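# Topology and contacts: notes
Residues per chain, in single letters:
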Amino acid sequence: MSERTSRKRSILSRIVRRIIMALYRFKGWKLDGHLPDIDKFVIAGAPHTSNWDFVFFVGATAEEGVEPNFMGKHTLFQGLMRNFMFDMGGIPIDRTKRSNVVEQVAAEFAARDHLALVIAAEGTRSSNGEWKSGFYNIARAANVPIVPAWVCNQDMVLGFGPAIVPTDSYGETLLEIARFMRSKLPDYERYKVLEAQALRLIEEEKTNA
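Residues numbered from 1 in each chain as written. Predicted model: local features only at pLDDT ≥ 70, side-chain atom pairs only at ≥ 80, totals over all residues. Heavy atoms only, no water.

Right, let's get into the nonpolar core. In terms of nonpolar packing, the biggest core is built from 38 residues, with Phe 109, Trp 131, Phe 135 and Met 181 touching the most fellow members. With seven residues, the single largest contributor to this core is helix α7 (residues 170-184). Here Phe 109 is in contact with Lys 40, Phe 41, Val 42, Leu 115, Leu 117, Ile 138, Ala 142 and Val 144, once residues within four sequence places are set aside. If you look at the next biggest cluster of nonpolar residues, it comprises 25 residues, including Val 58, Ala 116, Ala 149 and Phe 160. (Core = buried A, V, L, I, M, F, W, Y, C linked by side-chain atoms within 4.5 Å. Buried < 20%, exposed > 50% of the residue type's maximum accessible area, 1.4 Å probe, protein only. Helix = DSSP H or I, 4+ residues; strand = E, 2+ residues; numbered from the N terminus. Contact = heavy atoms within 4.5 Å.)

Before going further, it helps to examine the sheet that holds strand β2 (residues 40-46). Backbone-to-backbone hydrogen bonds join strands into a sheet, with any given pair of strands oriented parallel or antiparallel. Ordered in space as β1-β7-β6-β2-β5, the five strands form an open sheet in which the pairing is mixed. Both edges of this open sheet fall to β1 (30-32) and β5 (115-120), since each of them pairs with a single strand only. The sheet shows a mean angle of 25° between the axes of neighbouring strands, direction not considered. Along the sheet face, helix α3 (residues 53-63) touches β1, β2, β6 (146-152) and β7 (157-160) and points at about 55° away from the line of β7. Along the sheet face, helix α6 (residues 134-142) touches β2, β5 and β6 and points at about 170° away from the line of β2. (Pairing = 2+ DSSP bridges. Axes fitted to C-alpha atoms, helices over the stretch in contact; angles between N-to-C directions.)

Scanning all chains against the criterion turns up 11 salt bridges. Among the salt bridges present, the one from Arg 25 reaches Glu 63, with a minimum N-O distance of 3.3 Å. On the criterion of sequence distance, the pair formed by Arg 25 in helix α2 (residues 11-27) and Glu 63 in helix α3 is long-range, its members being 38 residues apart. By relative accessible area, which is 56% here, Arg 25 ends up exposed. Here Glu 63 falls in the partly exposed class, since its relative accessible area comes to 40%. Residue Glu 203 is joined to Lys 206 by a salt bridge in which the shortest nitrogen-to-oxygen separation is 3.8 Å. In this pair, Glu 203 and Lys 206 are both assigned in helix α8 (residues 189-208), three residues apart and thus about one turn of the helix distant. Put simply, Arg 9, Arg 17 and Glu 67 are held in one network by salt bridges that share partners. (Salt bridge = Lys/Arg side-chain N within 4 Å of Asp/Glu carboxyl O.)

In structure tokens form, the structure reads like this:
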């Protein structure tokens, strides 16, 4: 981390950030809710429907004075792309290492004073609305809260929810998130699927207890 703070940002990263902010403002996105005033957290966002999602998340977090981080394959952090990827907030993940992704990211949280990690919780754009558990496992391992982030592309609104401390029940944690998301877009089908997933997981946890 000292390497990143001891030099100026790469010219390319500065240009890209300016383009991102220009696009965010030009499109007229509105912000609903604020990021918590804490040093470290996981931002779990959904739905993930477009490659533009991260662009608007960068714009929204910048409006809040926060520079988001994201995970990337370690091979992207080599050669000419190295400084650019770090300057854009990238965290290299080496899947060939013995330590898994959760352990690598938890170590990154422990090494930094500030880290806001953005994760597309659905995993892929083709998701039916169910969330992968990676964001939860990372938050638990790093001992940081989860901030749910919702998007309404139709109204061009991006919002942040309250910081949620993950419990040892994935189902219960997911249900708290799902109910927040549905409070914002109660009729959105993917959030209905998310709530149903959480309720199913809670029942499975009870059965396996």
